[in-house]
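A closer look at the structure
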Amino acid sequence: MSFLSKAGERFKLNLKRVPKFRLGQYEKLQNKSHPPFLRPDVKIDIQADNSIPTDFSKLKYLVGDRVMIVKGPKKGSICKVSRHVEGNGYILDENGPTNTVAIPKMFWQEGQKSHIVTYPRAVSGDNLRLVAEIEDEKTGQMKTVAVENLEFKGQYYDEDYKKVLKYRTVKGQNDLHIPYPRPDPKEEGQLCTEVDNVRERTYFVESAVKSSIPEDALLTIRNPHSKYRRAKLTKLDVKRLTPPSMPLSETRKAYWKEKRELSKLPKVNITDEMKAFLGAKIREHEKVKAKQFEEVSKL
């Protein structure tokens with residue numbers, strides 16, 4: 001219903017305005033309209049924003065974190081987070097739960113040879129606990145524990161992520177910091193610059209008039225067949241580029257008419273006699289001003 005105007009959008013279905021007691025009907029309708037292999041594994045609040053946040057404190061578990069499943073058939077399994085899904089869901093590695101469904105041939109992916117497909121099932125964040133290595137106060141050895149809840153407090157600059165992050169701590173014991181998983185190293189390309197040479201200046205402008213780019217290389221930078229590089233403008237383009245002419249009042253019209261008539265009058269050339277006369281008048285004026293200045297300074 002994109003054809004509706006701004007005023008007509010009130011007739012469009014807005015799930016945020018649907019009463020709570022009617023949301024179950026829409027969820028049932030959504031499940032009926034989707035085949036089993038397309039239904040979401042995590043219960044999604046259709047009235048909330050289910051997009052994946054970018055803030056680490058809202059994600060809670062990051063890609064690469066070790067987590068333990070506390071509910072379901074895989075209870076007690078320790079897995080690693082592979083990616084995030086909408087609705088506070090997490091896809092785990094091969095140790096996590098999976099779904100086996102039959103997929104019609106019209107939905108087959110490239111290289112698929114069977115109707116039966118097994119794929120990882122999303123797990124809600126409420127059914128996971130973060131697994132961390134914490135030093136034992138008595139023995140001094142590292143032990144593996146499952147953290148019930150997390151808190152994000154304070155700030156520090158992370159060298160690997162290249163941004164300011166909040167400390168991830170155990171709730172109730174803020175002195176126990178749990179480090180974030182390290183991001184995967186990025187491969188350096190041919191155009192990358194080494195860290196030690198980033199601030200070293202290697203280009204100097206030689207001319208403010210002549211371009212430093214060779215003419216043969218311009219075609220690789222600008223597309224010669226672009227629609228914005230046409231040699232001729234259409235009537236529609238000319239109409240869009242021409243500003244509308246504003247109506248002039250009678251007084252304005254008379255002013256421009258007088259300006260045009262004055263521009264047609266012959267121009268008078270200043271002769272040497274005129275220059276000498278004007279110079280004498282200017283000198284007399286300067287003498288009068290100098291005399292007045294002396295009289296004022298004596299007061």
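Provided above is the structure to which this section pertains.
What comes next is a walk through the structure. This one's a predicted model, so the numbers in the text were calculated from it and none came from an experiment. (Residues numbered from 1 in each chain as written. Predicted model: local features only at pLDDT ≥ 70, side-chain atom pairs only at ≥ 80, totals over all residues. Heavy atoms only, no water.)

A look at the packing of aromatic side chains
Here the structure, examined in full by the defined rule, presents five aromatic pairs. Ring geometry for Phe-56 against Tyr-180: centres 5.7 Å apart, planes inclined by 50°, an arrangement best described as tilted. Residue Phe-56 is found in helix H2 (residues 56–59), and its partner Tyr-180 is found in the loop between strand S11 (173–177) and helix H3 (218–221); the two are separated by 124 residues along the sequence. Under the relative-accessibility criterion, Tyr-180 is labelled buried at 5%. Three or more aromatic residues link up through ring pairs in this structure, and these residues are Phe-56, Tyr-161 and Tyr-180. One Lys or Arg, Lys-105, reaches over the ring of Trp-108 and ends 5.4 Å from the middle of that ring. (Phe/Tyr/Trp six-rings, centres within 6.5 Å; stacked < 30°, edge-to-face > 60°. Helix = DSSP H or I, 4+ residues; strand = E, 2+ residues; numbered from the N terminus. Buried < 20%, exposed > 50% of the residue type's maximum accessible area, 1.4 Å probe, protein only. Lys NZ or Arg CZ within 6 Å of the ring centre and 35° of its normal.)

Observations concerning the sheet that holds strand S9 (residues 150–158)
Taken together, three strands build an open sheet; the order of strands is S9-S10-S11 and the sheet is antiparallel. Of all the strands in the sheet, just S9 and S11 have a single pairing partner and so form its edges. With strand direction ignored, the average angle separating the axes of adjacent strands in the sheet is 50°. Where S9 lies against strand S10 (residues 163–170), seven bridges are found, and the strand directions are antiparallel. Bridge pairing in S10 links Lys-153 to Tyr-167. (Pairing = 2+ DSSP bridges. Axes fitted to C-alpha atoms, helices over the stretch in contact; angles between N-to-C directions.)

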